[in-house]
Amino acid sequence: MAIESSCDETSASICRDGNILSNITATQKVHEAYGGVVPELASRAHIQHIVPTVDQALMTAGCLLEELNAVGFTQAPGLIGSLLVGSQFAKSLSLSLEIPLIAVHHMQAHVLANLISPEKPAFPFLCLTVSGGHTQIVICHSPLKMELVGETLDDAAGEAFDKSAKLLGLPYPGGPLIDQYAQSGNPRRFPFPEPQIPGLDFSFSGLKTAILYFLQEQKANEPGFIEKNLPDICASIQFRIVSILLNKLKKAATQTGIRDICIAGGVSANSWLRKSLKELGEKLGWKTYIPKFEYCTDNAAMIAITAYFKYLEKDFATLNVSVSARTEWCIEKK
Ligand code: KG4
Ligand code: ZN
């Protein structure tokens, strides 16, 4: 069994021999009213959700608690109070059932979500991980060996979506709403700038400022501008964020010669990114992989598959392992 509780989703999953038998996620609605995740409320909601979520994961998998032979949990990065709920729960299970405890890095797990489906990428593969807190390109040499080759210098891609949505007056998290409104919009109507960042790193803060100034100017000229043009504005913002992401991915593929290309993380649920990656892959002869929708946003199945590979290596944690808010992990940027 694995437990994910790094931010605002409480999730539990059962995995047998690398196959996911269940993946149950309780989403916390309480944050919507605040325009972002409130850490204290998140920890309290995890405490309320964790027992029913774990019960349901066991029931769906047709598995008894006594049958578990290891328990994994998200150790980092994330909100400390949230991580503590999942880690303490996992430690209690490990102690009472006398089974190994496995500490999992959330970002590594997002990448390995690509190994859940029967159609798996071949090693080494490239993965663009795009979430609310991170934007990274890694080379994945084997399940437990990854190399970071590019990352954001400021905002993450998910933040770029969410902050843009906030400027448009949309509720948190605005990423999925931008995706939704963009469906009927013209992506080329408002050409937002693409930053020129060297290497494989990303930057989204300039785009955010450009969107802010653009909206201020348009609203001053035409009251009701946002309401009248929402689909086109959303489609144009989404177009630019996705083009920034895919241009770097293209560069990484050219530099490394790798043709098995994956995406991961919450933003990989974005329909324009999924469609554009597929089209680009067909054009450039890549094999592209996108996790199933439920394995893109935060979920315990990705923690379970990572814990499974660590289990095979007997990479176990002790009961005094501590959680960490920080991103540092098994991969170092070159
Ligand atoms: O990976 P994730 O679930 O949580 C983190 O670890 O951050 O990613 C959440 C992020 C949020 O910024 C959310 O707005 C974004 O993923 N997101 C989307 C879509 N679905 C989720 N962004 C754009 N389009 C979507 N369809
Ligand atoms: Zn995540």
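For the structure, see preceding data.
Residues numbered from 1 in each chain as written. Chains lettered and ligands numbered in written order. Predicted model: local features only at pLDDT ≥ 70, side-chain atom pairs only at ≥ 80, totals over all residues. Heavy atoms only, no water.

**Q** Would you mind showing me how to read the overall build of the protein chain here?
**A** The helix and strand inventory of the protein chain stands at nine helices and ten strands. Relative to the compact-globule value of 20 Å for 334 residues, the protein chain shows a C-alpha radius of gyration of 20 Å, a close match. If one aligns the C-alpha atoms of the protein chain with their principal axes, the spans along those axes are about 65 × 45 × 30 Å. Residues counted as buried form 53% of the 334 residues belonging to the protein chain. Restricting to contacts in the protein chain with at least 6 residues of sequence separation, those with at least 24 account for 73%. (Helix = DSSP H or I, 4+ residues; strand = E, 2+ residues; numbered from the N terminus. Rg over C-alpha atoms; globule rule 2.2 N^0.38 Å. Buried < 20%, exposed > 50% of the residue type's maximum accessible area, 1.4 Å probe, protein only. Contact = heavy atoms within 4.5 Å.)

**Q** What is the right way to look at the site of ligand 1 in this model?
**A** What surrounds ligand 1 is a group of 19 residues, the closest being G132, D162, D179, G266 and N270. Within the side chain of D162, one N or O atom sits 2.6 Å away from an oxygen atom of ligand 1. For ligand 1, an oxygen atom lies 3.4 Å from a polar atom in the backbone of G175. Against a free-state accessible area of 550 Å², the protein chains account for coverage of 88% of ligand 1. When residues of the shell around ligand 1 are traced back to their parent elements, those giving at least two are α3 (106-112), α4 (157-167) and α5 (175-182). (Near = heavy atom within 4 Å. Polar contact = N/O pair within 3.5 Å; in protein donor to acceptor, adjacent residues only side chain to side chain. Areas by Shrake-Rupley, 256 points an atom, 1.4 Å probe, with all protein chains shown as cover.)

**Q** In this structure, what is going on with the packing of helix α1 (residues 39-61) against helix α2 (residues 80-97)? I would like to understand it.
**A** To describe two helices that pack against each other, one gives the angle between their axes and the distance between the axes. In contact at an axis separation of 8 Å, α1 and α2 are set at 30 degrees when each is read in the N-to-C sense. When the axes of α1 and α2 are compared, the pair comes out roughly parallel. The interaxial crossing formed by α1 with α2 has right-handed handedness. Mapping the contact onto sequence places A42, S43, H46, I47, I50, V51 and V54 in α1 and G81, S82, V85, G86 and F89 in α2. When grouped by side-chain class, the residues that make up the contact of α1 with α2 number seven nonpolar, five polar and no charged. (Axes fitted to C-alpha atoms, helices over the stretch in contact; angles between N-to-C directions. Parallel < 35°, antiparallel > 145°, perpendicular 65-115°, else oblique. Left-handed = near helix turned anticlockwise from the far one by under 90°. Nonpolar A, V, L, I, M, F, W, Y, C, P; charged D, E, K, R; others polar.)

**Q** Is there a simple way to think about the pattern of salt bridges in this case?
**A** Close approach of charged atoms allows side chains with opposite charge to pair. One pass over the full model with this rule turns up twelve salt bridges. Between K275 and E279 there is a salt bridge, with its nearest N and O atoms 3.6 Å apart. Here E279 and K275 lie together in helix α8 (residues 271-284), a separation of four residues that amounts to about one turn. When its relative accessible area of 42% is taken as the criterion, K275 is described as partly exposed. Of the residues examined, E279 reaches a relative accessible area of 44% and is grouped as partly exposed. Among the charged side chains, a network of salt bridges with common partners joins D155, E159, K163 and K208. (Salt bridge = Lys/Arg side-chain N within 4 Å of Asp/Glu carboxyl O.)

**Q** I keep staring at the pairing of strand β5 (residues 101-105) and nothing clicks. Help me out?
**A** Across a regular strand the side chains alternate sides, sitting on one face of the sheet and then on the other. The element β5 is extensively covered by neighbouring structure, given that five of its five residues are classed as buried. Alternating positions in β5 separate into two faces, L101, A103 and H105 on one and I102 and V104 on the other, with burial throughout. Between the parallel elements strand β4 (residues 71-76) and β5, the chain passes through α2 in a crossover that is right-handed. (Right-handed = clockwise from strand over helix to strand, strands pointing away.)

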